[in-house]
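Take a look at the letters that make up each chain.
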Number of protein chains: 2
Amino acid sequence: MAYLSTPDHLTVTTGPITGSSKVYLPQDSGARVPMRRVHLATGDHLDLYDTSGPYTDSAAVIDLEAGLPARAGVVADRGTQLQRARAGEITAEMVFVAAREGVDPELVRDEVARGRAVIPANHHHLEAEPMIIGKAFAVKVNANIGNSAVTSSIAEEVDKMVWATRWGADTIMDLSTGRDIHTTREWILRNSPVPVGTVPIYQALEKVDGDPTRLTWECFRDTVIEQCEQGVDYMTVHAGVLARHIPLTVDRVTGIVSRGGSIMAAWCLAHQRESFLYTNFDELCEILARYDVTFSLGDGLRPGSIADANDAAQFAELHTLGELTQVARRHGVQVMIEGPGHVPLHKIVENVRLEEDVCDEAPFYTLGPLTTDIAPAYDHITSAIGAALIAQAGTAMLCYVTPKEHLGLPNRHDVKQGVIAYKIAAHAADLAKGHPRAQQRDDALSAARFEFRWEDQFNLSLDPDTAREYHDETLPATPAKTAHFCSMCGPKFCSMRISHHVREAYRDAIHLPVVTR
Amino acid sequence: MAYLSTPDHLTVTTGPITGSSKVYLPQDSGARVPMRRVHLATGDHLDLYDTSGPYTDSAAVIDLEAGLPARAGVVADRGTQLQRARAGEITAEMVFVAAREGVDPELVRDEVARGRAVIPANHHHLEAEPMIIGKAFAVKVNANIGNSAVTSSIAEEVDKMVWATRWGADTIMDLSTGRDIHTTREWILRNSPVPVGTVPIYQALEKVDGDPTRLTWECFRDTVIEQCEQGVDYMTVHAGVLARHIPLTVDRVTGIVSRGGSIMAAWCLAHQRESFLYTNFDELCEILARYDVTFSLGDGLRPGSIADANDAAQFAELHTLGELTQVARRHGVQVMIEGPGHVPLHKIVENVRLEEDVCDEAPFYTLGPLTTDIAPAYDHITSAIGAALIAQAGTAMLCYVTPKEHLGLPNRHDVKQGVIAYKIAAHAADLAKGHPRAQQRDDALSAARFEFRWEDQFNLSLDPDTAREYHDETLPATPAKTAHFCSMCGPKFCSMRISHHVREAYRDAIHLPVVTR
């Protein structure tokens, strides 16, 4: 990055999350598998999955201009993770993610070989720590960042990337559409501890001055190669939006709400031709296979309103994505499938079942879905509801939605709100799916709560700083951190306090009366 | 209220919600059934269910010392709504709620007669506008307010009541446990446009200086009568916590987390006797029947952690509540049943099915449930997820949870966050259940969104002020309110803008190519 001038005011948040420290699981390979270790007042600790990279390691020296250190031991000449998994090889990346997830490496290999999981790890993005997306593993969360022509800067977007991963984002998508797309992405890639996704059509469109009708396959292809070379780990490609699908969208309440989808529909209509993404899909696969870039097959016709959910346009595109999944896999390219959008509660599970059926269990990656249209400014909540439910049904990664959705570009505060809401949804699904490590954390926090270990309760939570701040609003003094009550009920009405007395009394009085009313 | 001195600094929020005005549906009876009318830029309007009372009527004169005007035409000498419904009578209250819900009054009468719905309307609380709680109707939201010994005042709690109903709370529970319980409740009752619930054991405990072992049936009974006389519409009574249930709680991760439940368990153990609430339940029914106060049979053994969900203690109590439901109904008393608590996603629906089975379809009224324990400071979200799902399954009313849950007493801001999160959950469930009026609002908002009617989009939302504020953070100028983009994507990348062009182009080009890849 020596050729890049440092953006003005570029700073990011560093240092451990309150109450935690960074530890690395010992590996035979010498790989450094990071965990967030929460230190408890009891002397015990709990190790949690950690997405935050070196930024939360108090021993790390962060140099944004130099970028993060490269991962060692990367093999780039034996094909994709999918190809190597099929050949029976357990790669270094598979060993790494197995340690992070607490599962057998052979499970990882098998899931990747079957196409039920992907490890998005471009051979040119060695700064990222490997992770896996698949329904047999912990549900993952993606955070969208990136500027628009109206607002933001490189410094703000790099800061958002570090901030989002601090709070638990498993991947980042750089959706920049404004100035300096290439440079913004370079800063993000070189400093991101997580895989980075993009939507290459956005940059291609900038190259033709924003006129969709001037797009060409060649322009798009060259943009994809540029981004592959830079190290983008997965790319959204809206190759499932076909000319014949467009009539299905005309009577919708909200038409086409995907940017990529609307761009490709406009191109097809202007040229009276089939989508160049679809007609050149084999060549695209060959390019992605060279770098092991993962497809995120975009849902360009996803519903943008409750009224349009699960309609003919959406499902027609999904069937095309199923066809393209098979093409990509023949080329050895890893594939995940993007999903809606806006879907009412009773239509959510059908989306997962159909995707698994049509796309042969490729990992599903959904935006929300929002379960109602009526709460702009609270769409992190409308969609966390849908996200929890769709993840429980088998969705592997959730794309977050921030409070600013439909209203404007999210800022740093919005990014955190979106990430936390989605960590909740993902974790709720992990609990429901019986993920082995999920309930440990709930049990540890609830035990701390019942024993009035306030600091432990804060530190085990998704956001120790805010939990502590809220508690301290009414009871800021240090003794309150061991007090057997809080301001909600006060000392006399604390059920947990009384409950302890009940337990003590019960030990002395086990012959309880049975009275019939 | 002339005998009450006005609390210091007592002010409440008045005036219409932005973009709306108060209208009253014309009724043959002369009753004033309120709606919130949203005025659209198209010249149309949409009328929405309105819980906010006279406070949002620009023509109303608010005098907090005088209280709200009393409802006319109330019949207090012919028994409860349940008794009258069974006798085939369609009461004035039934007509009123039918108009609010947009349903046939006979449906209301039938649901009340079967015990599947309740109309909590104490003969002494004429300030409230009648509403109905039952799964055949729109899902309702309750907001808990009330001070604790540690913090808050009468003025703050009256303000919270008006504030909560402004944003859509259908009922209020005054859970005050600190000083001035009676006086606080009087101010709330006389000024509340919605039914008010309480947990009488809290005031009874204050009368015995906070020592559960000193509680007596007589003290409790007199407190109930005092509150019935004042006008409380529904009361939580933890009569299902029996001595024999206590051993089932001893090995729980979080013991007994209901305040009422822990108080009664402590009493049973101290006296080695069965709960006086259970043994005197018939007399309690006779009292409530005189005023038409509705039972909210409390879940004193609800799970307080994911680990304790759906356990033997919880379900043993539920079976006792089923027995008490039948007793109450024999006395003509309306009944709803309280439910959990903390429940993982995959155990939620079982709660509804069992409650309906055991309690003969009495309306279910649940606290959340929280779907994970790990997010203190965000429990409005952890629980809105569970609330949406349990409401979709048939829960009639949702008790909100605020961001301060587990951490401290909610303030005004927290109350709004909790109410909005729960309006989202309730509405998402209404959509999934096919409530006839629910989708109208989503469709109206989405149409406004697609047509770039920004003001309409804001005004149709649950919180017009915050939606507008978020939009204006990056594009504050007036022309942006009709612009065909926002700062999220900027003008060139607005999918909806492109989508309009696609529609126009489609009209001229209906012969689209079909190309095989």
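Along each chain, the written sequence defines residue order, and numbers are assigned to residues from 1. Chain labels run from A onward and ligand labels from 1 onward, assigned in the order the entries are written. Local features in a predicted model are, by the rule used here, given only for residues with pLDDT of at least 70; side-chain atom pairs are given and counted only at 80 or more, and totals for whole chains, interfaces and linings are based on all residues. Heavy atoms throughout the structure, all of them, feed into the side-chain values; hydrogens and water do not.

### Concerning the relation of the copies chain B and chain A
Our superposition of the copies is a least-squares fit, built on the C-alpha atoms of residues whose pLDDT is at least 70 in both. For the pair chain B and chain A, the best superposition has an RMSD of 0.0 Å and corresponds to a rotation of 180° with a translation of 0.0 Å parallel to the axis. With respect to symmetry, the two chain copies, as superposed, fit the operation of a two-fold axis. Within chain B, the C-alpha atom positioned nearest to the axis of rotation is that of Ile385(B), 2.3 Å from it.

### Here we look at the sheet that holds strand β2 (residues 33-39) of chain A
Residue and element names in this part refer to chain A. On the basis of which strands lie adjacent, the open sheet formed by three strands has the order β1-β2-β3 and antiparallel pairing. In this open sheet, the two strands that pair with only one neighbour each are β1 (20-25) and β3 (45-49). Between one strand axis and the next, the sheet turns by 40° as a mean value, whatever way the strands run. Whether two strands pair comes down to DSSP finding at least two bridges between them. To qualify as a helix, a DSSP run of H or I must reach at least 4 residues; to qualify as a strand, a run of E must reach at least 2; elements of each kind are numbered from the N terminus. Orientation is described by lines fitted to C-alpha atoms, with helices fitted over the stretch in contact, and by angles between N-to-C directions that extend from 0 to 180 degrees.

### A few points about the UniProt feature "binding site: Zn(2+)" (unreviewed entry) in chain A
UniProt positions are given in the numbering used here, feature names are shortened, and annotations may be inferred rather than shown by experiment. Listed under "binding site: Zn(2+)" (unreviewed entry) in the UniProt record, and renumbered for this structure, are His342(A) and His406(A). Spanning 65 residues, the named residues nonetheless gather at one spot, since no C-alpha pair among them exceeds 12.2 Å. Turning to its location among the elements, His342(A) is positioned in the loop between β11 (335-339) and α12 (348-358). Structurally, His406(A) can be placed in the loop between β13 (397-399) and α14 (412-433). In what follows, a contact means two residues having at least one pair of non-hydrogen atoms within 4.5 Å. Once residues lying within four places of it in the same chain are set aside, the contact partners of His406(A) are His342(A), Leu370(A), Asp379(A), Arg449(B), Trp454(B), Gln457(B), Cys486(B) and Met488(B). In protein, a polar contact requires one atom able to donate a hydrogen and another able to accept it; more generally it is a pair of N or O atoms within 3.5 Å, and residues adjacent in sequence count only if both atoms are side-chain atoms. At 2.9 Å, the side chain of His406(A) and the side chain of Asp379(A) are in polar contact.

### Quick notes on the domain arrangement of chain A
Where each domain begins and ends is defined by an automated method or by a domain database. The assigned domain composition of chain A is domain 1 (20-113), domain 2 (114-433) and domain 3 (484-516). With centres defined by C-alpha atoms, the gap from domain 2 of chain A to domain 3 of chain A works out at 51 Å.

### Let's talk about the UniProt feature "binding site: [4Fe-4S] cluster" (unreviewed entry) in chain A
Mapped onto this structure's residue numbering, the UniProt feature "binding site: [4Fe-4S] cluster" (unreviewed entry) falls at Cys486(A), Cys489(A) and Cys494(A). If you trace the backbone, Cys489(A) turns up in the loop between α17 (464-474) and α18 (495-507). If we skip the residues at most four places from it in the chain, Cys489(A) touches Cys494(A), Ser148(B), Thr177(B) and Arg259(B). One can find Cys494(A) in the loop between α17 and α18. For Cys494(A), a relative accessible area of 10% translates into the label buried. Only protein chains enter the calculation, and the probe is 1.4 Å; a residue is then buried if its accessible area is under 20% of its type maximum, exposed if over 50%, and partly exposed in between.

### Describing the sheet that holds strand β3 (residues 45-49) of chain B
Residues and elements named next belong to chain B. What the three strands build is an open sheet, ordered β1-β2-β3; its pairing is antiparallel. Looking at which strands have only one partner, the edges of the open sheet turn out to be β1 (20-25) and β3. Direction aside, neighbouring strands of the sheet carry axes that sit 40° apart on average. With five bridges connecting them, strand β2 (residues 33-39) and β3 associate as antiparallel partners. Bridging from a neighbouring strand, Arg37 pairs with Asp47 of β3.

### What to know about the packing of aromatic side chains
Paired rings are identified among Phe, Tyr and Trp, the last through its six-membered ring, by centres lying within 6.5 Å, and are further divided according to the angle between planes into stacked (under 30 degrees), edge-to-face (over 60) and tilted (the rest). One pass over the structure, following the stated rule, counts 14 aromatic pairs over all chains. Aromatic pair Trp267(A) and Phe276(A): ring centres 4.9 Å apart, planes at 85°, arrangement edge-to-face. On the basis of relative accessible area, Trp267(A) is assigned to the buried category, the value being 3%. Sitting over the ring of Trp163(B), Arg412(B) keeps its end group 3.7 Å from the ring centre. Two conditions define a charge sitting above a ring: the NZ of Lys or the CZ of Arg must be within 6 Å of the ring centre, and it must be within 35 degrees of the ring normal.

### Quick word on the nonpolar core
Among the buried residues, those of types Ala, Val, Leu, Ile, Met, Phe, Trp, Tyr and Cys that are joined through side-chain atoms within 4.5 Å form a nonpolar core. Judged by nonpolar contacts, the single largest core of 286 residues is most densely connected at Phe295(A) and Phe295(B). Not counting residues up to four positions away in its chain, the partners in contact with Phe295(A) are Met235(A), Val237(A), Phe281(A), Leu284(A), Cys285(A), Leu288(A), Ala328(A), Val333(A), Gln334(A), Val335(A) and Met336(A). Residues Ala98(A), Ala113(A), Ile119(A) and Ile132(A) belong to the second largest nonpolar core, which totals 12 residues.

### A look at unusual backbone geometry
Cis geometry marks the peptide bond from Pro340(A) to Gly341(A); its omega dihedral reads 5°. Tracing the sequence through the fold places Gly341(A) in the loop between β11 and α12. Of the consecutive residues Gly368(B) and Pro369(B), the connecting peptide bond is found in the cis state with omega at 10°. With respect to the secondary-structure elements, Pro369(B) resides in the loop between β12 (364-367) and α13 (379-392). Even without being a glycine, Gln272(B) presents a positive backbone phi close to 50°. The residue Gln272(B) is located in the loop between α8 (259-271) and α9 (276-279) in this model. Residue classification places Gln272(B) among the partly exposed positions, given a relative accessible area of 35%.

### Topic: the confidence of the model for chain A
Per-residue confidence for chain A gives a mean pLDDT of 93; residues scoring 70 or more make up 96%. Among the prediction metrics, the complex's ipTM stands at 0.95, with pTM recorded as 0.96. A residue's pLDDT is the predictor's confidence in that residue, given on a scale from 0 to 100.

### Some remarks on the interface of chain B and chain A
Contacts between the two partners involve 130 residues from chain B and, on the opposite side, 130 residues from chain A. Roughly 10700 Å² of surface becomes buried between chain B and chain A when both sides are summed, with 68% attributable to carbon and sulfur atoms. Think of a salt bridge as a Lys or Arg side-chain nitrogen and an Asp or Glu carboxyl oxygen that are within 4 Å of each other. Our enumeration of links across chain B and chain A arrives at two salt bridges. A salt bridge links Glu473(A) to Lys404(B), with the nearest nitrogen and oxygen atoms 2.7 Å apart. The tally of links from chain B across to chain A stands at 24 residue pairs in polar contact (both at pLDDT 80 or more). The biggest single contributor to the side of chain B that touches chain A is helix α14 (residues 412-433) of chain B, with 11 residues. In terms of residue class, the side of chain B that touches chain A is built from 68 nonpolar, 37 polar and 25 charged. Using a 1.4 Å probe, buried area is obtained as the accessible area two parts lose upon being combined, added over both of them. Three classes are used: nonpolar for Ala, Val, Leu, Ile, Met, Phe, Trp, Tyr, Cys and Pro, charged for Asp, Glu, Lys and Arg, and polar for all others, with Gly counted as polar.

### Quick notes on the packing of helix α4 (residues 154-166) of chain A against helix α5 (residues 181-191) of chain A
Residues and elements named next belong to chain A. As a packed pair, α4 and α5 sit with axes 10 Å apart at the nearest point and diverge in direction by 30°. When the axes of α4 and α5 are compared, the pair comes out roughly parallel. Where α4 crosses over α5, the two elements pack in a sense that is right-handed. Together, Ile154, Glu157, Val158 and Met161 of α4 and Thr183, Thr184, Trp187, Ile188 and Asn191 of α5 make up the contact between the two elements. Angular relationships are summarised with four words: roughly parallel below 35 degrees, roughly antiparallel beyond 145, roughly perpendicular across 65 to 115, and oblique for the angles in between. Left-handed is the label given to a crossing in which the near helix is rotated counterclockwise from the far helix by less than a right angle, and right-handed is the label when the rotation is clockwise.

### A closer look at the pattern of salt bridges
Counted by the stated rule, this structure contains 70 salt bridges over all chains. Glu89(B) is the partner of Arg84(B) in a salt bridge, and the nearest nitrogen-oxygen pair spans 2.8 Å. With a shortest N-O distance of 2.7 Å, Asp311(B) and Arg252(B) are connected by a salt bridge. With Asp311(B) in the loop between β10 (294-297) and α11 (312-330) and Arg252(B) in the loop between β9 (234-237) and α8, the pair connects residues that are 59 residues apart, well separated along the chain. The exposure class assigned to Arg252(B) is buried, which follows from its relative accessible area of 4%. Each of Asp110(A), Glu111(A), Arg114(A), Arg116(A), Lys135(A), Arg353(A), Glu356(A) and Glu361(A) takes part in one network of salt bridges that share partners.

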